[in-house]
Amino acid sequence: MNNPVNNYSYVSYQNVDSDAINLRAIVFRYLRNWYWFVLSIGLMLAGAYIYLRYQAPSYKSQSSLLIKDEKKGLDQENILKELEIFAPKKVVENEIEILKSYTLMDRVAKQLNLNVFYYQDTPYGKREIYEKSPIRFIIEQATPSLYNDDYLTIRFNDNQTFTLNDKPYPLNSSVQTPYGRIRLFTRRPVSSKSEPVYVSVVGQTKLVSDLVKKLKAEPTSKASTVIMLTLETAVPDKGEAILNRLIEVYNEAAILDKNRVAANTLNFIDERLKLISSELQSVERGVEAYKSAQGITDLGVQAEEFLKTVQENDAQLNQVTIQLGALNDLEHYIKQQPGNRAGTPATLGLSDPTLLALIENVTKLEAQRDMLARTTSDQNPVLQTIDSQIHATKNSILDNVATMKAMLTTAKQQYAATNSKMEGVIRSIPTKERALMDITRQQAIKNNLYTYLLQKREETAVSFASTISDSRTVDVARSDAKPVKPDRPSTYVLFAFLGLLLPVGVLATSDAMNNRIMRRKDVEEGTNVPILGEVIKNKNTQAIIVEARNQSVIAEQIRALRTNLQFLRESREGSQALLFTSSISGEGKSFISLNLGASLALVGRRTVILEMDLRKPRLRHSLENFPVGTGISNYLIGEAGIEDIIQPIPNTENYYIITSGPIPPNPSELLSSPRLETLIQELRQHFDYVIIDAPPIGLVTDAQLIAPFADATLFIVRHDLTPKSYMKMVETIHQEKRFNKLNIVLNAVGGGDEEYYSYSYGYNYAYGEKKSSKKWLS
């Protein structure tokens, strides 16, 4: 049948989240030293008060400036837009850079004489007075010594003289001093009772650079063109004066720049007007010469007249042609025999009344003849008379037609010649017109440019006379009533924070320089040996604190250690020998071993504890009035038996002790004797637990001589005592397996330091009632 104890797998005691433990442990460690924090914070707050009293105040001055979007006066949309000689519209970022430029601030500094600082004594040091200064320090010619960091002390002897470096000088006069030629003007009456004034002169370059760094210019919002100017100075009036003068200088510079552009533009336009006027005159003379040579007055009107003449001539030519055609038809008609005629000939276009009358007469005669011919013969005298009349009339018509044809043919030839001549003139007009257009085009261009420049010259002159700035002051400079520096709340908070950090730094430095075990993590980093349990620091002087009705924290921790011993047993049957040792003396192994034995005795386990430190026995000294008798050294040399050395511990049932006995001269040799094994074997037969309180292994080898006879070894590590370097030694002996089932017990974790190691007990149980054991800041 399997033993249930063997089914357990051993793990480290109270394996918890070390990160959370460390944070809580650090807090508790600092809270335990709360008085240092209170003292440090109090001293730092007092220092902050003194610092603020002697720190020169600084006031914030602000002014706002509007940058106009639509520019007035000179504008690329109004003057020479096509030439694009002006810059684009103003950009707020560019204007900010101009406002923060060295050039503008240099002008401000020179106009306000800012390189001279005036101070007066106060209970808290020298303070700048600026406009309240009763004097004005004018530098006419300076020497390098004037720009030293030292103050120039000016005292007033009376209302006429002052003292500089214990040497008197007249007021309101130019005087030569070791610092150069200066002039001291009085701004208000002074006397020997007037307070001295301290003057400090700063180089212009350094002064302007410092002012540019202090000046802040930024838009009030992303979509706004209003620039907020901010400056911090020691005197509110000084900051306001600098900002107001800066805006004035900025506007003056903008107007000056505009006027310079306008003046340059006027000069440019005047020069162009002279050149264009000369070119225009030359082109006009060319037009005049060409027209004279070609006989042109108005080429367009002349062309129209030529076309009209051609049209009229063509109409007349057509009329003549029609008339000639009509005459030819008439002539053909007359020459035909009456029987072959088709009818009366056309007389279209004929207007001669004689001819028309003859045609009408011959038509009538032929009609009479036709009538007579139907009733009479050709021999009829009447008919012959009519024929003779018709023949005479036709001859007259033919003569008339011949005459008219001759006249019309001549007219036709004249009209044709006229048409030919006019067509030649008309065909030459485009060439003349093109040449004239080339000349007149140049004339028009020069004329238009001349007119355009005249117009722009007037616009530029008007703009030059009415130039205004593109900015407007929204708010003049104003200062806060309270200084912005030093920031009193922030200063107190900062000093309090420093007061909080100072003890933290001291404690952290102390921890960093401390080579002793201070927390569970120090043990875990130094060795892989399991930690079996933890015991807080014992504040009680009593040797045995584990009693039946004692439910204190330390007693419960020892009981927990007793419970954990089952994981170190091979089986439930048989006795168990436990070896207690440590690295150095004073780590509490005797206290823990003594109380662990008492705890085992309380549960009915027969327990014996051996005072095996034969060199410096201390275990029996912990028990009051314990008699010194025969002990281990007597047994090992054969002078006593086991019955002679076992003694019961008073007032503790089932608990016995074997003292070391007389201190031998050769403890190592005694422990190496076979009788030690015999002693352990005999004790195993009579006791459930054999507890061996051995010497520290860091000093002597006694514990290693005893180790083979022990079932398990409990290595005691004491908080704030055991050196960290000994953890390497523990790891070495663990790796080399010099001790059976080596485990570590953390001792003396006290005053809140248990938080460095494991979870502390939140409650005490006394007589079955739960009581809180938490003490704040204790």
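Conventions and cut-offs
- Residues numbered from 1 in each chain as written.
- Predicted model: local features only at pLDDT ≥ 70, side-chain atom pairs only at ≥ 80, totals over all residues.
- Heavy atoms only, no water.
- Helix = DSSP H or I, 4+ residues; strand = E, 2+ residues; numbered from the N terminus.
- Buried < 20%, exposed > 50% of the residue type's maximum accessible area, 1.4 Å probe, protein only.
- Contact = heavy atoms within 4.5 Å.
- Areas by Shrake-Rupley, 256 points an atom, 1.4 Å probe, with all protein chains shown as cover.
- Salt bridge = Lys/Arg side-chain N within 4 Å of Asp/Glu carboxyl O.
- 1 Å grid on protein atoms, 1.4 Å probe; cavity = no way out; pocket = protein on both sides within 12 Å on 5 of 7 lines; lining within 4 Å.
- Points joined across faces, edges and corners; volume = space filled by probe spheres on them.
- Nonpolar A, V, L, I, M, F, W, Y, C, P; charged D, E, K, R; others polar.
- Pairing = 2+ DSSP bridges.
- Axes fitted to C-alpha atoms, helices over the stretch in contact; angles between N-to-C directions.
- Polar contact = N/O pair within 3.5 Å; in protein donor to acceptor, adjacent residues only side chain to side chain.
- Core = buried A, V, L, I, M, F, W, Y, C linked by side-chain atoms within 4.5 Å.
- Arc of directions from axis to C-beta.
- Phe/Tyr/Trp six-rings, centres within 6.5 Å; stacked < 30°, edge-to-face > 60°.

Participant: When you look at the overall build of the chain in this model, what are you seeing that I'm missing?
Facilitator: Within the chain, the secondary structure is distributed over 20 helices and 23 strands. The 778 residues of the chain split such that 40% are buried. The contacts of the chain with a sequence gap of at least 6 include a subset with a gap of at least 24, amounting to 79%. For the chain, the accessible surface area stands at approximately 42,400 Å², while carbon and sulfur atoms represent 52% of it.

Participant: Hey, could you run me through the pattern of salt bridges in this one?
Facilitator: Any two side chains of opposite charge can pair if their charged atoms end up close together. Summed over the entire model, instances satisfying the criterion amount to 18 salt bridges. Residues Glu524 and Arg520 are paired through a salt bridge, measuring 2.8 Å at the closest nitrogen-oxygen approach. Of this pair, Glu524 and Arg520 both sit in helix H11 (residues 520-526), separated by four residues, roughly a single helical turn. Look at Arg520 and you get buried, because its relative accessible area is 4%. When salt bridges that share partners are traced, they join Arg520, Glu524 and Glu534 into one network.

Participant: Can you help me understand the layout of surface pockets in this one?
Facilitator: A water-sized probe rolled over the atoms picks out the places where empty space is left. The space that makes up the second largest pocket amounts to roughly 660 Å³. Taken together, 27 residues make up the lining of the second largest pocket; nearest its centre are Phe117, Tyr119, Glu128, Ala234 and Lys238. The element contributing the most residues to the lining of the second largest pocket is helix H5 (residues 204-214), with five residues. Per-class residue counts for the lining of the second largest pocket are 14 nonpolar, two polar and eleven charged.

Participant: Explain the environment of Leu449 to me, please; I cannot follow it from the model alone.
Facilitator: With respect to the helices and strands, Leu449 occurs in helix H9 (residues 381-465). Placed 173 residues apart in sequence, Leu449 and Ile276 show a C-alpha to C-alpha distance of 7.5 Å.

Participant: I would appreciate a short explanation of the sheet that holds strand E10 (residues 197-201) in the present structure.
Facilitator: Strand pairing in a sheet relies on backbone hydrogen bonds, with the paired strands running either antiparallel or parallel. With antiparallel pairing, six strands are arranged side by side in an open sheet as E3-E2-E10-E5-E6-E7. Of all strands in the sheet, those with a lone pairing partner are strand E3 (125-128) and strand E7 (167-170), marking the two edges. Each strand axis lies, on average, 35 degrees off the axis of its neighbour in the sheet, ignoring direction. In the sheet, strand E2 (residues 116-122) pairs with E10 via four bridges, with the strands oriented antiparallel. Residue pairing in the sheet places Val116 in a bridge with Val201 of E10.

Participant: Would you take a moment to explain the side chain of Thr225 for this structure?
Facilitator: With respect to the helices and strands, Thr225 occurs in the loop between strand E11 (216-219) and strand E12 (226-233). For Thr225, a relative accessible area of 18% corresponds to the buried category. Looking at Thr225, its side chain comes within polar contact range of the main-chain oxygen of Ile67, at 3.0 Å.

Participant: What's the story with the nonpolar core in this structure? I'm lost.
Facilitator: Buried together is how nonpolar side chains tend to be arranged in soluble globular proteins. Counting residues in hydrophobic clusters, the biggest one holds 42 residues, and the most contacted among them are Leu610, Leu683 and Ile744. Contact partners of Leu683, with chain neighbours within four places excluded, come to Val608, Leu610, Ile642, Ile646, Ile658 and Val690. The next biggest cluster of nonpolar side chains, apart from the first, holds 35 residues, and it includes Leu565, Leu578, Ile649 and Ile716.

Participant: Hey, could you run me through the environment of Pro486 in this one?
Facilitator: Following the sequence through the fold, Pro486 ends up in the loop between strand E13 (471-479) and helix H10 (488-513). Taking the relative accessible area as the measure of exposure, Pro486 reaches 17% and is therefore buried. A C-alpha to C-alpha distance of 6.9 Å links Pro486 and Ser58, two positions 428 residues apart in sequence. Excluding residues that lie within four positions of it along the chain, Pro486 makes contacts with Leu52, Gln55, Ala56, Pro57 and Thr491.

Participant: What's the story with the sheet that holds strand E8 (residues 174-177) in this structure? I'm lost.
Facilitator: The three strands lie next to each other as E4-E9-E8, forming an open sheet whose pairing is antiparallel. The two strands at the open ends of the sheet, each matched to only one other strand, are strand E4 (135-142) and E8. Each neighbouring strand pair of the sheet contributes to a mean axis angle of 30 degrees, computed without reference to strand direction.

Participant: How should helix H3 (residues 92-99) be read in this particular structure?
Facilitator: Looking only at H3, the buried set comprises Val92, Glu95, Ile96 and Leu99. For H3, the angular spread of the buried residues around the axis is 105 degrees, confining them to a single face.

Participant: Before we go on, may I ask you to explain unusual backbone geometry in this structure?
Facilitator: Apart from glycine, the bulk of residues carry a negative phi angle, and the bulk of peptide bonds sit in the trans form. In this structure, the amide linkage connecting Lys485 to the following residue, Pro486, adopts the cis form with an omega of -5 degrees. Positive phi, close to 55 degrees, is recorded for Asn113, a residue that is not glycine. For Asn113, the location among the structural elements is in the loop between helix H4 (102-112) and E2. Judged by relative accessible area, which is 19%, Asn113 ranks as buried.

Participant: What's the story with the packing of aromatic side chains in this structure? I'm lost.
Facilitator: Geometrically, a pair of aromatic rings is defined through the distance of the ring centres and the angle of the planes. Evaluated as defined, the whole model comprises eight aromatic pairs. When the ring of Tyr35 is compared with that of Trp36, the centres are 5.8 Å apart and the planes differ by 50 degrees; the resulting orientation is tilted. Here the aromatic rings of Tyr54 and Tyr124 are separated by 5.8 Å at their centres, their planes lie at 80 degrees, and the arrangement is edge-to-face. Placement of the pair is Tyr54 in helix H2 (residues 34-54) and Tyr124 in the loop between E2 and E3, with a sequence separation of 70 residues. Residue classification places Tyr54 among the exposed residues on the basis of a relative accessible area of 51%. The exposure class of Tyr124 is partly exposed, given its relative accessible area of 30%. Through a chain of ring-to-ring contacts, three or more aromatic side chains come together here, namely Trp34, Tyr35 and Trp36.

Participant: I would appreciate a short explanation of the pairing of strand E5 (residues 152-156) in the present structure.
Facilitator: The side-chain alternation of E5 yields one buried face, formed by Leu152, Ile154 and Phe156, and one unburied face, formed by Thr153 and Arg155. Where E5 and E10 come together, three bridges link them in antiparallel fashion. Bridging across to E10, Leu152 finds its partner in Val199. Across three bridges, the pairing between E5 and strand E6 (residues 161-164) is antiparallel. Bridge pairing in E6 links Ile154 to Leu164. Taking the residues that link successive antiparallel strands as the turn, the E5-E6 hairpin has four residues.

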